[in-house]
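Fold and contact review
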Amino acid sequence: MDPILSGLLKPKSIAIIGASSTPGKIGHTVVKNLLDSGYEGGVYPINPKDEEIMGFKCYRNVKDVPYVVDAAVITVPAKLVLEVTRDCGEKGVKGLIIITSGFAEVGDHETEEALVELAHSYGMRILGPNIVGTLSNSDNLNASFAPFLPLNGKASLVSQSGALLIAMDAASFVRRVGFDKMISIGNMSDVNFSDMIAYLNEDPDTSCISLYVEGLKDGPRFIEEARKATKPIVVLKSGTSAHGAAAAASHTGSLAGAAKIYGAAFRQAGVSQADDLNDLFDRTLVLSLQPRMTGDNLLVLTNGGGVGVLATDAAEKYGLPMKFAPADVQEELKKHMPEFGSAKNPVDMTGMAGNDWYYTTTKFSYAHSWVDGLVVLYCETAMTDPQGIAESIYKGVHESGVTDKPVTVSFVGGERSDKAMAWLVENGIPAYGAPDLAVKAMGTLREDARMVEMSRSSAFLPENVDSAKARKVIAGARANGRAALTEIEAKQVFAAYGMPVTGTELATSEEEAVKFAAQIGYPVVMKIVSPDILHKSDAGAVKVNIKDEKMVREAYKTILDNSLNYKADAFIDGVAIQEMAPWATEVIVGSVNDSTFGPTVMFGLGGIFVEVLKDVTFRVAPISVEEAFTMQGEIKSAAILHGVRGDGPRDKTALAKVLATYAYMIHDLKDEIAESDANPVIVYEEGKGVKVVDARIILTKK
């Protein structure tokens with residue numbers, strides 16, 4: 001564990017610079033909170049005007065403190081922060097918790113950068129500025145202006161929003177979701193989410209890392225640290241409107257957006273993404289208390305048919321479609337229910353189920369090798385005591401001897417049921433007030449296991465790559481002052497990475513067009529090649545199914561005329577003569593260089609699916625072949641790749657390799673390619689491969 005971050009987040013002594021004896025001031029609240037939280041380390045208020053504050057001796061300057069100071073909480077006005085940072089550095093403080101605002105969040109990036117540079121020159125780290133502070137139950141530490149420590153638990157929250165952290169602090173008691181730590185990181189001038197993931201993954205008091213994210217400063221490092229983490233991570237991302245920086249020069253640029261790219265990055269990192277604040281609490285609860293669900297077999301126990309049906313619906317919705325239990329499981333379960341009960345799954349013990357039945361069925365089911373996850377439901381009845389049912393479930397789970405599979409619970413009832421669920425949570429079993437939430441929680445554990453497994457797969461490394469050739473093509477275009485490659489140049493780049501492009505020649509005269517068409521073999525496709533006409537179809541500058549010399553000559557003239565009518569001053573390189581690939585299923589592969597995550601790859605079906613339905617999915621490059629297969633299954637129109645209306649299944653294996661190769665290319669050329677498209681890519685029947693028919697590359701600005 002990083003000793004500097006430990007000094008910042010688990011300090012044995014704290015100076016409060018800007019401490020105050022005046023109630024209502026932040027400097028007063030921080031001192032009072034340290035006192036009220038039972039912090040046992042040294043507390044050193046710094047204020048030149050006071051002799052003591054709340055019983056603590058006050059010092060004029062942090063350098064006057066005669067003891068070691070691990071962390072300093074800074075609450076002085078922004079104009080004084082640089083000065084006190086220097087004082088802290090000279091004192092040997094390990095880290096600064098800068099509550100003061102008035103830096104990058106109001107446009108003063110220069111002072112914030114100078115602050116970090118100064119702190120680093122003394123070997124210090126900075127949390128903030130513009131934060132609430134830090135809270136830790138295991139350290140009895142409330143070094144913040146949040147009112148109290150959160151409900152004690154095993155999760156740790158890192159929040160970019162201070163106001164939300166304070167609200168979640170209070171809500172933790174109502175929602176029965178416990179946290180060991182709550183850490184505000186504000187502007188992230190220095191310590192960021194990646195640092196916190198690395199630190200908390202080694203923290204013995206944290207079992208689940210919960211994040212509220214408004215934005216990331218280093219997307220690739222976030223993915224790297226999250227992938228390395230052994231503890232589950234759940235994130236709520238706000239601000240998911242479209243990227244303002246997304247260009248519209250390619251399909252990918254117009255379709256890329258913060259929500260899609262962040263969501264893809266979280267999946268690749270093995271991070272569970274919450275839908276909203278309620279979902280963040282629900283996911284945090286189950287991920288902090290239960291192990292991941294490593295198989296697909298879910299068993300549901302219930303005393304009511306209605307909640308059982310609701311659970312069944314939820315299981316299908318959240319990726320855990322239920323199966324009938326094996327015969328041996330059913331035979332055993334029938335012993336604990338009347339004849340009119342059902343042992344199939346969900347297991348309906350009927351309203352006659354009491355403590356004994358809940359205990360025996362839970363113990364047996366939880367221990368059975370077929371069961372990968374257990375959901376126990378209870379509807380409150382006049383004949384049963386919810387607390388007794390809760391204790392029976394707990395007893396069954398713990399006497400089973402099993403510790404490596406998850407269990408969740410839902411009680412539907414009144415105040416007694418609510419208190420029983422609170423007792424279950426206190427004893428390590430997540431409980432929810434609705435059956436669908438208990439099943440959704442189990443789905444979270446299964447999803448988390450799948451994502452972690454996928455995040456461990458290695459990025460694809462294509463063979464026979466000639467990146468020097470690709471860079472030479474790009475350098476030639478730059479030398480001509482162009483910001484985009486021609487289609488032929490783009491295909492040369494693609495081919496340098498081993499992608500299957502259609503054979504194409506550039507004709508600069510009608511006679512050359514005839515010659516190349518004969519060499520390639522009829523039928524051919526003819527297209528304008530111009531850096532000023534990126535969308536050739538819009539200009540009427542594409543002609544297909546050209547079958548003979550006469551059609552070549554006519555198409556050549558028409559393409560030139562249409563291009564100049566479309567853009568009179570367009571620079572014309574010539575007309576591309578291209579083999580006409582047999583038609584099959586069209587897909588699009590594209591990329592955009594995202595400002596947060598760098599090169600990202602897009603995949604979707606072509607035609608109306610991308611133009612109108614925007615049915616696409618994204619990943620941060622590079623990717624594995626396994627990830628490429630997953631992308632194919634994520635689009636809504638994925639069934640078309642399986643084969644429809646008599647068509648055989650498409651060659652998804654070849655397509656996955658092209659996707660992974662393309663992702664490797666855009667990552668390798670991330671300093672050169674801003675956006676690109678391979679559109680369309682024709683996918684043939686299984687075993688017959690794919691063909692890149694058209695290509696577009698927009699270069700980065702240099």
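Structural data are supplied above this passage.
This part covers the overall build of the protein chain. Across its full length, the protein chain holds 24 helices and 29 strands. Seen through its C-alpha atoms, the protein chain measures out along the principal axes to roughly 95 × 80 × 40 Å. Per-residue burial for the protein chain yields a buried fraction of 56% across its 702 residues. In the form shown here, the protein chain has an accessible surface area of approximately 28,200 Å², with 52% of it arising from carbon and sulfur atoms.

With that settled, consider helix H5 (residues 162–175). Over its 14 residues, H5 runs 19 Å from end to end, which matches the ideal 20 Å to within 8%, given 1.5 Å per residue. Contacts from the buried residues of H5 go to strand S8 (133–136), strand S10 (155–159), strand S11 (179–184), strand S12 (208–213) and helix H10 (277–289). For H5, the N-terminal cap is Ser-161; the gap from its side-chain oxygen to the backbone nitrogen of Leu-164 is 3.1 Å. The first or second residue beyond H5 is Arg-176, which carries a positive phi of 60°.

By the secondary structure assignment, Pro-649 is in the loop between helix H23 (639–642) and helix H24 (652–668). A relative accessible area of 34% places Pro-649 in the partly exposed class. A C-alpha to C-alpha distance of 41 Å links Pro-649 and Val-213, two positions 436 residues apart in sequence. Discounting chain neighbours no more than four positions away, the residues touching Pro-649 are Leu-641, His-642, Gly-643, Tyr-684, Glu-685 and Glu-686.

Turning next to the sheet that holds strand S22 (residues 542–546). With antiparallel pairing, the four strands of this open sheet are ordered in space as S20-S23-S21-S22. The open sheet is flanked by strand S20 (504–507) and S22, the only strands paired with a single partner. Geometrically, the sheet is characterised by an average inter-axis angle of 25° between neighbouring strands, direction not taken into account. Against the sheet, helix H19 (residues 510–520) touches S20, strand S21 (524–529) and strand S23 (574–579), its axis set at about 165° to S20.

Let us now look at the nonpolar core. Core analysis: the largest hydrophobic core is formed by 70 residues, its most contacted members being Leu-298 and Phe-411. The contacts of Phe-411, once residues within four sequence positions are left out, are Tyr-378, Pro-386, Ile-389, Ala-390, Ile-393, Ser-417, Ala-420, Met-421, Leu-424, Tyr-432 and Gly-433. Listed in part, the 58 residues of the second largest apolar core include Leu-9, Ile-209, Phe-222 and Val-271.

Following the criterion strictly, the structure yields 11 aromatic pairs and no others. Each ring, one from Tyr-262 and one from Phe-266, has its centre 5.8 Å from the other, and the planes form 50°; the classification is tilted. Residue Tyr-262 and its partner Phe-266 are located together in helix H9 (residues 258–269), separated by four residues, close to a single helical turn. Each member of the pair, Tyr-262 as well as Phe-266, carries the same accessibility label: buried. Grouping aromatic residues by their ring pairs yields a cluster made of Phe-222, Tyr-262, Phe-266 and Phe-597. Residue placement shows Lys-57 over the ring face of Tyr-59; its charged tip is 5.3 Å from the ring centre. A cation over an aromatic ring shows up here: Lys-395 above the ring of Tyr-359, its NZ or CZ 4.7 Å from the ring centre.

Take the pattern of salt bridges next. A side chain with one charge may pair with a side chain of the opposite charge, provided their charged atoms come close. Under the counting rule described, the total for this entry stands at 47 salt bridges. Note that Asp-279 and Arg-283 form a salt bridge whose closest N and O atoms lie 2.8 Å from each other. Here Arg-283 and Asp-279 lie together in helix H10, a separation of four residues that amounts to about one turn. For the pair Asp-279 and Arg-283, a shared accessibility class is recorded, and that class is buried. We note a salt bridge from Glu-672 to Lys-702, for which the minimum N-O separation is 3.2 Å. In this pair, Glu-672 is assigned in the loop between H24 and strand S27 (673–683) and Lys-702 in the segment after strand S29 (695–699), connecting sequence segments 30 residues apart. Via salt bridges that share partners, Arg-125, Asp-190, Asp-195, Arg-221, Glu-225 and Lys-228 belong to a single interconnected network.

Quick notes on the rules
- Every chain is numbered independently, its residues counted from 1 as its sequence is written.
- Selection of residues for local features in this predicted model requires a pLDDT of at least 70, selection of side-chain atom pairs for listing and counting requires 80 or more, and totals for whole chains, interfaces and linings are taken over all residues.
- The side-chain quantities take in all heavy atoms of the structure and omit both hydrogens and water.
- For the purposes of this entry, the term helix denotes a DSSP run of H or I that reaches at least four residues, the term strand denotes a run of E that reaches at least two, and both are numbered from the N terminus.
- Using a 1.4 Å probe on the protein chains alone, a residue whose accessible area is under 20% of its type maximum counts as buried, one over 50% counts as exposed, and one in between counts as partly exposed.
- Surface accessibility follows the Shrake-Rupley procedure with a 1.4 Å probe radius. Residue values consider only the protein chains on display as shielding.
- Expected helix span is computed as 1.5 Å times (number of residues minus one).
- The contact criterion used throughout is that any non-hydrogen atoms of two residues lie within 4.5 Å.
- Nitrogen and oxygen atoms within 3.5 Å of one another constitute a polar contact, given that in protein one can donate a hydrogen and the other can accept it, and given that sequence-neighbouring residues count only through two side-chain atoms.
- DSSP-based pairing: two strands are paired if at least 2 bridges between them are found.
- Only the stretch in contact is used when a helix axis is fitted, and all axes are lines through C-alpha atoms; the angle between N-to-C directions ranges over 0 to 180 degrees.
- We define a nonpolar core as any set of buried Ala, Val, Leu, Ile, Met, Phe, Trp, Tyr and Cys residues linked to one another through side-chain atoms lying within 4.5 Å.
- Between rings of Phe, Tyr and Trp, where Trp is taken as its six-membered ring, a pair exists when centres lie within 6.5 Å; planes separated by under 30 degrees are stacked, by over 60 edge-to-face, and by other angles tilted.
- Cation placement over rings: the criterion is NZ of Lys or CZ of Arg within 6 Å of the ring centroid and within 35° of the ring normal.
- The rule for a salt bridge is simple: a side-chain nitrogen of Lys or Arg has to be within 4 Å of a carboxyl oxygen of Asp or Glu.

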